[in-house]
Amino acid sequence: MEQTPQQRKEEKKRRRFIADAWVLFEKTGQAPAPSKDYCQLLVTTEGVLWRWWRISLRRSAVVYPGEWAVDREDVEHDERLQGEIERTFGRDVKDQVVHLSTRSNDFLSKLPQKLLVKIASYLTLEDVIAMAHCSKAFRRCCLTDSLWRNIFLQHHNTITPELEQLAAEHSWRKIFFTDKLRLQMLVSRQRSQMTIKRNNENADQSPVDGAANGASNGTPIAVEES
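The structure presented is a predicted model; accordingly, all values stated were derived computationally and were not measured.

1. Observations concerning helix 1 (residues 5–19)
Next, step 1: Counted at 1.5 Å a residue, the expected span for helix 1 with its 15 residues is 21 Å, and the 21 Å between its end C-alpha atoms agrees.
Next, step 2: Every buried residue of helix 1 is listed here: Glu-11, Ile-18 and Ala-19. With its buried residues spanning 100° around the axis, helix 1 presents them on a single face. Away from the buried face of helix 1 by more than 90 degrees, exposed residues Pro-5, Lys-9, Lys-13 and Phe-17 are located.

2. Side note on the nonpolar core
Next, step 1: Core analysis: the largest hydrophobic core is formed by 20 residues, its most contacted members being Leu-147, Trp-148, Phe-152 and Trp-172.
Next, step 2: Put simply, the parts of the chain that give this core at least two residues each are helix 4 (113–120), helix 5 (125–131), helix 6 (136–142), helix 7 (145–155), helix 8 (161–169) and helix 9 (172–216).
Next, step 3: If you look at the next biggest cluster of nonpolar residues, it comprises 17 residues, including Cys-39, Trp-68, Val-70 and Leu-81.

3. Here's the deal with the state of the cysteines
Next, step 1: Under the defined criterion, the tally for this structure stands at 0 disulfides.
Next, step 2: Considering cysteine sulfurs only, Cys-142 is the nearest to Cys-134, which forms no disulfide, with 8.0 Å between them.

4. A few points about the side chain of Lys-94
Next, step 1: Here Lys-94 shows up in helix 3 (residues 91–102).
Next, step 2: A relative accessible area of 13% means that Lys-94 is categorised as buried.
Next, step 3: With near-sequence residues (within four places) excluded, Lys-94 lies in contact with Gln-82, Ile-85 and Glu-86.

5. Looking at the packing of aromatic side chains
Next, step 1: If you walk through the whole model with that rule in mind, you get 2 aromatic pairs.
Next, step 2: For the ring pair Trp-50 and Phe-89, a centre distance of 5.9 Å and an interplane angle of 75° mean the geometry is edge-to-face. Separated by 39 residues along the polypeptide, Trp-50 in strand 3 (residues 47–53) and Phe-89 in helix 2 (residues 79–89) bring together distant segments of the chain.
Next, step 3: Owing to a relative accessible area of 2%, Trp-50 belongs among the buried residues under this scheme.
Next, step 4: The ring centre of Trp-68 lies 4.0 Å from the NZ or CZ of Arg-80, which sits over that ring.

Rules used throughout
Each residue is numbered by its place in its chain's sequence as written, counting from 1. With pLDDT at 70 or above as the cut-off, local features in this predicted model cover only qualifying residues; side-chain atom pairs require 80 or more to be listed or tallied, and sums for whole chains, interfaces and linings still use all residues. Side-chain metrics in this entry use all non-hydrogen atoms of the structure; hydrogen atoms and water are not considered. In this description a helix means any DSSP run of H or I spanning at least four residues, a strand means any run of E spanning at least two, and both kinds are numbered starting from the N terminus. Given a helix with a known number of residues, its expected span is that number minus one, times 1.5 Å. Partly exposed describes any residue whose relative accessible area lies between the buried limit of under 20% and the exposed limit of over 50%, with all areas from a 1.4 Å probe on protein chains only and scaled to the type maximum. It is the directions from the helix axis to the C-beta atoms whose arc is reported. For the purposes of this section, nonpolar cores are sets of buried Ala, Val, Leu, Ile, Met, Phe, Trp, Tyr and Cys residues that join through side-chain atoms within 4.5 Å. Throughout, disulfides are identified as pairs of cysteine sulfur atoms within 2.5 Å of each other. The criterion used for residue contact is that any of the two residues' heavy atoms lie within 4.5 Å. Two rings from Phe, Tyr or Trp (for Trp, the six-membered ring) form a pair when their centres are within 6.5 Å of each other. A pair whose planes differ by under 30 degrees is stacked, one over 60 is edge-to-face, and the rest are tilted. Criterion for a charge above a ring: Lys NZ or Arg CZ within 6 Å of the ring centre, and within 35 degrees of the ring normal.

See below:
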């Protein structure tokens, strides 16, 4: 059944809406032999976009690229789309697309907050910051006071009552970064003192080095007789 101009306009708008959404997965490649078609698979938060470019050896053939959009809630039941994906990219990619579309692989965000905090406590500081940008649930977890208390304890031996009081007034996250900046200042000061000490030792050893260089060049060196 041929679409009306209004239906074609709505379909084009729907495809653009899916394509402009947040991209979760993208893959391109050539269809298996004997076909030489070039295909692109785009999975977004709103659905799946399947594009293809027909490759023809006939010069007279006029072939235009095609585009096919499927809403996220319909991907699991669209056997035609799944068949094209499996034929071109394999079963593993097809299963991954279905999982992304149904979001059945998002188990971490469904865990209790206490368990998420326990898991995040084993991550590095850089991973915790990256985790906070993944979802709203992870962000809430990464901002909890109990998590930053655990992180502070990993970088320091003890927690004094004074620190507990400061954390109660502000937050463990703020205490952690404030203390880290102060620690960097102390390390920088210590590094400067070691550099000065090393330079002084090199200055004290320079006459001996000069005598050694003179001996290697054949310059006579006076030796006191006892």
